[in-house]
Amino acid sequence: MNTDKFTLPSGIECEIKEFDGKTEKLLFDQGMAKQGRTGDVILARSLISLDGKTFKDEAEAEAAVLDLYIGDRNYMTVKVRILNYGPEMYINHQCPNCKTWGGYQLNLEDMLKGEGNEDFAIRSYGGDVSVTLSNGDKAVLTEMTGHTERRLALLKELTSLDIDTACVASVNGERPKRSYFDNLPARDIKLIRDTYNEKLNGGMDGVVFLTCAGCNAENDVKISREPDFFLPGRMRSARRTRS
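Residues numbered from 1 in each chain as written. Predicted model: local features only at pLDDT ≥ 70, side-chain atom pairs only at ≥ 80, totals over all residues. Heavy atoms only, no water.

## Remarks on the sheet that holds strand E3 (residues 47–50)
No. 1: Across the sheet, three strands lie side by side as E1-E2-E3; this open sheet has antiparallel pairing. In the strand order of this sheet, the two ends are held by strand E1 (3–7) and E3, each with one partner. Between one strand axis and the next, the sheet turns through 15° on average, direction left out of account.
No. 2: Across the sheet, helix H5 (residues 70–85) lies against E1, strand E2 (13–17) and E3, angled at about 155° from E1, the strand it touches most. (Pairing = 2+ DSSP bridges. Helix = DSSP H or I, 4+ residues; strand = E, 2+ residues; numbered from the N terminus. Axes fitted to C-alpha atoms, helices over the stretch in contact; angles between N-to-C directions. Contact = heavy atoms within 4.5 Å.)

## Here's the deal with the packing of aromatic side chains
No. 1: Evaluation of the coordinates by the stated rule reveals six aromatic pairs.
No. 2: Relative to tyrosine 75, the ring of phenylalanine 6 has its centre 6.1 Å away and its plane inclined at 50°; by these criteria the two rings are tilted. Of this pair, phenylalanine 6 sits in strand E1 while tyrosine 75 is found in helix H5, placing the two residues 69 residues apart along the sequence.
No. 3: Relative accessible area serves as the criterion here: at 10%, tyrosine 75 is assigned to the buried category.
No. 4: Ring-pair connections join several aromatic residues into one group, and the members of that group are Phe19, Tyr85, Phe229 and Phe230. (Phe/Tyr/Trp six-rings, centres within 6.5 Å; stacked < 30°, edge-to-face > 60°. Buried < 20%, exposed > 50% of the residue type's maximum accessible area, 1.4 Å probe, protein only.)

## Digging into the pairing of strand E10 (residues 218–222)
No. 1: The sheet contact formed by strand E9 (residues 207–211) and E10 spans five bridges and is antiparallel. Bridge pairing links phenylalanine 209 to aspartate 220 in E10.
No. 2: Linking E9 to E10, which pair antiparallel, is a turn of six residues; within it asparagine 216 sits at a positive phi near 65°.

## Side note on the nonpolar core
No. 1: Counting 38 residues, the largest nonpolar core has Met76 and Ile223 as its most contacted members.
No. 2: If one sorts the elements of this core by residue count, H5 sits on top with six residues.
No. 3: Sequence-distant contacts of methionine 76, that is, excluding residues within four places in its chain, are made with Phe6, Leu8, Cys14, Ile16, Leu43, Leu47 and Leu68.
No. 4: Formed by 18 residues, the second largest nonpolar core is a distinct cluster that contains Ala166, Cys167, Val171 and Phe181. (Core = buried A, V, L, I, M, F, W, Y, C linked by side-chain atoms within 4.5 Å.)

## Brief notes about empty space enclosed by the protein
No. 1: Following the criterion strictly, the structure yields one cavity of 30 Å³ or more and no others.
No. 2: Put simply, the largest cavity is a space of about 40 Å³.
No. 3: Lining the largest cavity are Asn74, Thr77, Val78, Gly206, Lys222, Ile223, Ser224 and Phe229.
No. 4: Examining the composition of the lining of the largest cavity, we find that three residues originate from one element, H5, more than from any other.
No. 5: Residue composition of the lining of the largest cavity, by class: three nonpolar, four polar and one charged. (1 Å grid on protein atoms, 1.4 Å probe; cavity = no way out; pocket = protein on both sides within 12 Å on 5 of 7 lines; lining within 4 Å. Points joined across faces, edges and corners; volume = space filled by probe spheres on them. Nonpolar A, V, L, I, M, F, W, Y, C, P; charged D, E, K, R; others polar.)

See below:
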């Protein structure tokens, strides 16, 4: 069985193994998807060691994966994909603005190097950042982890506000309720979003921007959510062309 050992953007040493058919079947497990666990379990079943530690069972490995920063998780996910299916990836994407379909070819190795496209840059991690909101409250922003992604995945009605404020660890020293942000001015939400993107949001974000051939719009796409990422070749459309 093939393995790969590498260093995550945070500096943690990681070793993974290729997965088997049983693991690939989990990609279609609807019950696991409803629990927001699919990506976590795929990473956990691929994991051999993390920071020199091995795991007694899958549950312990899954807990370790949840503790990782999102930027490390994205990096590890790309590594898992390359180990199993290679670095070439094709995206068949429909522009939400003009509805034009376009085909795009990516080399995931370029993303790991932070080369070939400025969107692939690997960012350094920052420490917690404090911002003062318009009402005088002090909000502390932090790097998000797998626990954050799991919490968002389990929300019945996920909104952009939930995503923009997920990095807020505390307000005036306490964990804020979800309803707290409903009453904040939009400028405060923008302050939180901009501060996180500028001073935190380390590692790899796993997003690429695809230029539409029809209207030149720049569309952001999360590569791990594309069919060709973990199911290469299985769902390709005849309309795909290389751009």
